[in-house]
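Fold and contact review
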Amino acid sequence: MECIRTSIAFSPDLRNDICPHGYKLARFDLQLFSGEKTEEATPKRKEEARNKGQVARSVELNSAFVILAAFFALKIVGEYIYNQLAAFMRHTFSHFSTVDFTFEFIQVIFMNFGWIFLKTALPVMLVIAIVAILTNFLQVGFVFTLEPLMPQFERINPLSGFQRLFSKRSLVELFKSITKILIVSYFVYRFILQTASQVPKLVTAELADSLKTAASLTLDLVFQISAVMIVLAALDYFYQGWEHKDSLKMSKQEIKEEYKQMEGNPQIKGKIKERQRAMAMQRMMQEVPKADVIVTNPTHFAVAIKYEQAMAAPMIVAKGQDFLAQRIKEVAKEHKVIIVENKPLARALYSTVEVGTSVPPQLYQAVAEVLAYVYRLKKRLS
């Protein structure tokens, strides 16, 4: 029978058994797959990325809503802006022929122009700022970090820049840009075809009517383009969320390292637990000489019971199984603590009562009988 060639690495003995004809098997290290980023990001990884400003955010969504809000605000306050600018221009130009062009007059003109600019531009600017902040907040919540502003010298590397130029993200951005250009071009072309017949009328109409008609047509065009851009931006938002989630994926080795950092090295934790058990055992063995009686199985279990008048019920001060039970009995013999064999009681106390706690009510009678026997024995011996 011909040996089947495989890429999995076997032990020498197993390899000889599988391939007695001496075929060489290619080694295949499964540890190589531990570096593949196939696992979902942990909460700690997500929090670290968020603190660095790495969040799923669509710039296209911000731009679409900001443009839509800006032109919507212009549609509402456009007449107010036109009236303010027209009144300022009429007032200014009507005084040019009656006043001297002094420094004070020019200064007053610029101050008035600045005031008019604030009154006309401020409402639109406030709407843009509020919409931009609100859109960002709804996407990522409150995130404040200076990490993206810090200089990153690895970006200066030409090789890294060349790789970013032809990366998947760059290709996606190129596709989005081409799509937006095609969409805007289509709507502009359709707008020109629909309004070409109205251009001669605008030339012969009054200035106010021409501006009003041109503004209305322009706003209609912008709203049509914005509606399509919002749909594309919504798709981009979901893509950015998927891309961000994919970029945060971790390898199995990274998850193990993170777990070690959060929980500590398992070997160190094992040593700490071993030391804690040793200290707890040492404290427990120190309480054995103070016990009134040791109840045994007699070989598998040993429970040390102590009772004083101030106690509400007898207390378990030590207990152990097998080797520890033998050690408890040895310490008890060294300090002349009475050992009583009672298999059911020893097993019940060991399984139901923890060290440092009182005997439960259902075992009061059995423990009381043992203590009464111990007290009688001590009185007889004394």
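That block above? That's the structure.
Residues numbered from 1 in each chain as written. Predicted model: local features only at pLDDT ≥ 70, side-chain atom pairs only at ≥ 80, totals over all residues. Heavy atoms only, no water.

1. A closer look at the sheet that holds strand β5 (residues 315–321)
As summarised here, the arrangement of the four strands in space is β5-β4-β3-β6, forming an open sheet in which the pairing is mixed. Among the strands making up the open sheet, the edge pair consists of β5 and β6 (338–341). Each neighbouring strand pair of the sheet contributes to a mean axis angle of 20 degrees, computed without reference to strand direction. Note that strand β3 (residues 293–296) and β6 share four bridges and pair parallel. Of the residues in β6, the one forming a bridge with Val295 is Val340. (Pairing = 2+ DSSP bridges. Helix = DSSP H or I, 4+ residues; strand = E, 2+ residues; numbered from the N terminus. Axes fitted to C-alpha atoms, helices over the stretch in contact; angles between N-to-C directions.)

2. Quick look at the packing of aromatic side chains
In total, this model carries five aromatic pairs according to the counting rule given. Summarising the aromatic geometry, the rings of Tyr237 and Phe238 are spaced 5.7 Å apart at their centres and angled 70 degrees between planes, so their arrangement reads as edge-to-face. For Tyr237, a relative accessible area of 29% translates into the label partly exposed. Taking relative accessible area as the criterion, Phe238 reaches 61% and is therefore assigned exposed. Ring geometry for Tyr239 and Trp242: centres 6.1 Å apart, planes at 35 degrees, overall tilted. Of this pair, Tyr239 and Trp242 are both found in helix α8 (residues 207–247), three residues apart, which corresponds to roughly one turn of the helix. (Phe/Tyr/Trp six-rings, centres within 6.5 Å; stacked < 30°, edge-to-face > 60°. Buried < 20%, exposed > 50% of the residue type's maximum accessible area, 1.4 Å probe, protein only.)

3. Topic: the pattern of salt bridges
Enumeration over the complete set of coordinates arrives at eight salt bridges. Salt-bridge contacts for Lys180 lead to Glu60; the nearest nitrogen and oxygen are separated by 2.9 Å. Of the two residues, Lys180 is situated in helix α6 (residues 168–195) and Glu60 in helix α3 (residues 59–94); the sequence distance between them amounts to 120 residues. Accessibility expressed as a relative area gives 17% for Glu60, which makes it buried. With a closest N to O distance of 2.6 Å, Asp236 and Lys176 form a salt bridge. (Salt bridge = Lys/Arg side-chain N within 4 Å of Asp/Glu carboxyl O.)

4. Concerning unusual backbone geometry
For Asp322, which is not glycine, the phi dihedral falls at a positive 55 degrees. Residue placement: Asp322 occurs in the loop between β5 and α11 (323–334). For Lys336, which is not a glycine, the phi torsion comes out positive at approximately 60 degrees. Counting through the fold element by element, Lys336 comes out in the loop between α11 and β6.

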